[in-house]
Amino acid sequence: MPKIILEHVTKRFDKFVAVDDLNLVIEDRDFITLLGPSGCGKTTTLRMIAGLETPTEGRITIGDTVVFDSEKGIDISAARRNIGFLFQNYALWPHMTVYQNIAFGLENLKWDKARIKERVAEMLAMLKIEQFGARYPSELSGGQQQRVAIARTLAPSPKVLFMDEPLSNLDAKLRLEMRSELKRLHMDTDSTFVYVTHDQMEAMALATKICLLDKGVLQQYEPPLDVYNAPANLFVADFVGNPTMNFIESRFEKTGDNEGTVTLFGRTIKFKSSSSLPESMDVVVGIRPEFITLGKGSFEGSVYTTLPSGMETTVKLMVGKETITSVVFGSVDYKSQSIQKFSISGDGILLYSKDSGKLEAMGSLED
C-alpha cells in the first residue's frame, strides 16, 4: 500500500480559493478523515488526490508515482491511479444483481470468470451479504446497499479507498453500525482509507489522523485524541467536541516559568503548567465540559437548562453574565434556576491568545 504526499497543492475556481497551499503526508495503511464545515475544501482535496479534479498548482505523489505535477505537466487520470472511490449515493446499477454489481468492474479489467467468482464470493463474505447475491439494489435496505457499494469498490484491490460522506444517507442507528464495520474493514483489508465527513464525532471514531480544514487552509493534522485534547487554535477547539468547549475571555499574568494567574468569574486563580508559559497577555481560557464538576467546589451558578440523555446529562449554567456547559455522567437531572456549586479540574485547561487564536499553553487551575 502506498504513501500519499501532497506538496503545495492549491485549487482555485476563478477568484475563489477552494484549497490553499496544502501540504499533507498520508502514511501507508492510515485511515484519514478530511473534516471541516461545508465549503472548507475537504471534498475538493479528496477529488484532487483521486484524479477527479485537477489542482491549479502543486504536486501529488501516490506510492512511487507522481500522479500530478503542475510544473512538469503531469496529470495521470483517475482510471490509472489504482484507487477505489465510494460515492455518497452508492451509484449501484439498478438493473444488475448484487453479484453482477460487484463483478462489473472486474469484468472490465478482463479478469477470468473463475477468478471473478472467487473474488465476488470473498467480498460477499467480508461484508456479510452472502445471502443477497441474487437480489437487486431496490430489494435492499440502505445499509445493505452501502455494503454492496463497499464490496464493489474493494473488489479490484485498489491501493487506496476514497469515501465521500458515504454514511450520510443512513439513519443514526445504522450510521453507528456502519462506522464499526468500516473500522473493522480497514484493519481486515490493510488498505489506506481517505474519508470525507463534516461529522466530527464520525471523524473521531474512525480516523488514525484527522485533517481539519477551514476555508481551504489546513488547521490541524494529528491523531483524533491529540486534536481533541490539544486543539491548535480556537477554530479547532470550537469545532471538535460535543458539547462544545467553554471559552472565557481573561487576562493571563505570568508569575514564573511554569506558573501564572488567570481571572475567571471575577476571581484570580493560579494556572500551572508542566511546560514554560508565555508572557502576560489577553487570553481565551478553554475548558471542556467534562472538566466542570457539579455538586462541590468554590464556584457556583444557576441552572439555565438541562439536557438528559440517559447515559449523561448536559447542564448549562449561568455564572454572572457567562454561560458555561458541564457534562454530568449518569442518569441525573437538575431543576431549572437551582443554584449549583461546581469546580474546575483536570490538567487539560487551555490558554489561547486572544489576538492570534493560537494555543499558548495547557495546564491546570488551582483555586
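Here the structure is shown first, and the text comes after it.
Residues numbered from 1 in each chain as written. Predicted model: local features only at pLDDT ≥ 70, side-chain atom pairs only at ≥ 80, totals over all residues. Heavy atoms only, no water.

Draft legend 1. View of the sheet that holds strand β8 (residues 160-164). The mixed open sheet is built from 6 strands, whose spatial order is β7-β8-β9-β3-β10-β11. Looking along the sheet, the strands with just one partner apiece sit at the ends: β7 (83-86) and β11 (217-222). Mean inter-strand twist for the sheet, computed between neighbouring axes without regard to direction, equals 15°. Lying over the sheet, helix α1 (residues 42-50) contacts β3 (31-35), β7, β8, β9 (192-197) and β10 (209-214), oriented at roughly 150° with respect to β8. (Pairing = 2+ DSSP bridges. Helix = DSSP H or I, 4+ residues; strand = E, 2+ residues; numbered from the N terminus. Axes fitted to C-alpha atoms, helices over the stretch in contact; angles between N-to-C directions. Contact = heavy atoms within 4.5 Å.)

Draft legend 2. Region of the structure containing the sheet that holds strand β18 (residues 322-329). In space, the 4 strands of this open sheet follow the order β18-β17-β16-β19, with antiparallel pairing throughout. In the strand order of this sheet, the two ends are held by β18 and β19 (339-344), each with one partner. Neighbour to neighbour, the strand axes of the sheet diverge by 50° on average, direction disregarded. Where strand β17 (residues 312-319) meets β18, 8 bridges bridge the pair, whose relative direction is antiparallel. Bridged to valine 315 within β18 is serine 326.

Draft legend 3. Representation of the packing of helix α2 (residues 98-108) against helix α4 (residues 142-154). Running from N to C, α2 and α4 cross one another at 25°; their axes reach a closest spacing of 7 Å. Judged on the interaxial angle alone, α4 and α2 are roughly parallel. Taken as a pair, α2 and α4 cross one another with a handedness that is right-handed. Seen from α2, the contacting residues are Val98, Asn101 and Ile102; seen from α4, they are Val148, Ala151 and Arg152. A class-by-class count of the residues in the contact of α2 with α4 yields 4 nonpolar, 1 polar and 1 charged. (Parallel < 35°, antiparallel > 145°, perpendicular 65-115°, else oblique. Left-handed = near helix turned anticlockwise from the far one by under 90°. Nonpolar A, V, L, I, M, F, W, Y, C, P; charged D, E, K, R; others polar.)

Draft legend 4. Highlighting the nonpolar core. Counting residues in hydrophobic clusters, the biggest one holds 35 residues, and the most contacted among them are Ile102, Ile150 and Met163. At the level of elements, α2, α3 (113-126), α4, β8, α5 (172-189) and β9 are the ones that each hand at least two residues to this core. In this view, methionine 163 contacts Phe31, Leu46, Leu86, Leu182, Phe193, Val194, Tyr195 and Val196; residues no more than four positions away in its chain are not counted. (Core = buried A, V, L, I, M, F, W, Y, C linked by side-chain atoms within 4.5 Å. Buried < 20%, exposed > 50% of the residue type's maximum accessible area, 1.4 Å probe, protein only.)

Draft legend 5. Up close: the packing of aromatic side chains. Summed over the entire model, instances satisfying the criterion amount to 9 aromatic pairs. Here the aromatic rings of phenylalanine 85 and phenylalanine 162 are separated by 6.3 Å at their centres, their planes lie at 25°, and the arrangement is stacked. Linking phenylalanine 85 in strand β7 with phenylalanine 162 in strand β8, this pair joins segments that are 77 residues apart in sequence. Plain terms: the ring middles of phenylalanine 299 and phenylalanine 342 are 5.4 Å apart, the flat faces sit at 20° to each other, and that makes the pair stacked. Taken together, the positions of phenylalanine 299 in strand β16 (residues 292-308) and phenylalanine 342 in strand β19 put the pair 43 residues apart, joining distant regions of the chain. Overall, the relative accessible area of 6% leaves phenylalanine 299 in the buried class. Assessed through its relative accessible area of 0%, phenylalanine 342 is described here as buried. Joined through ring pairs, the aromatic side chains of Phe31, Phe193 and Tyr195 make up one cluster. One cation-aromatic arrangement involves lysine 11 over phenylalanine 13; the distance from NZ or CZ to the ring centre is 4.9 Å. The ring of tyrosine 228 carries arginine 288 above its face, with NZ or CZ at 4.0 Å from the centroid. (Phe/Tyr/Trp six-rings, centres within 6.5 Å; stacked < 30°, edge-to-face > 60°. Lys NZ or Arg CZ within 6 Å of the ring centre and 35° of its normal.)

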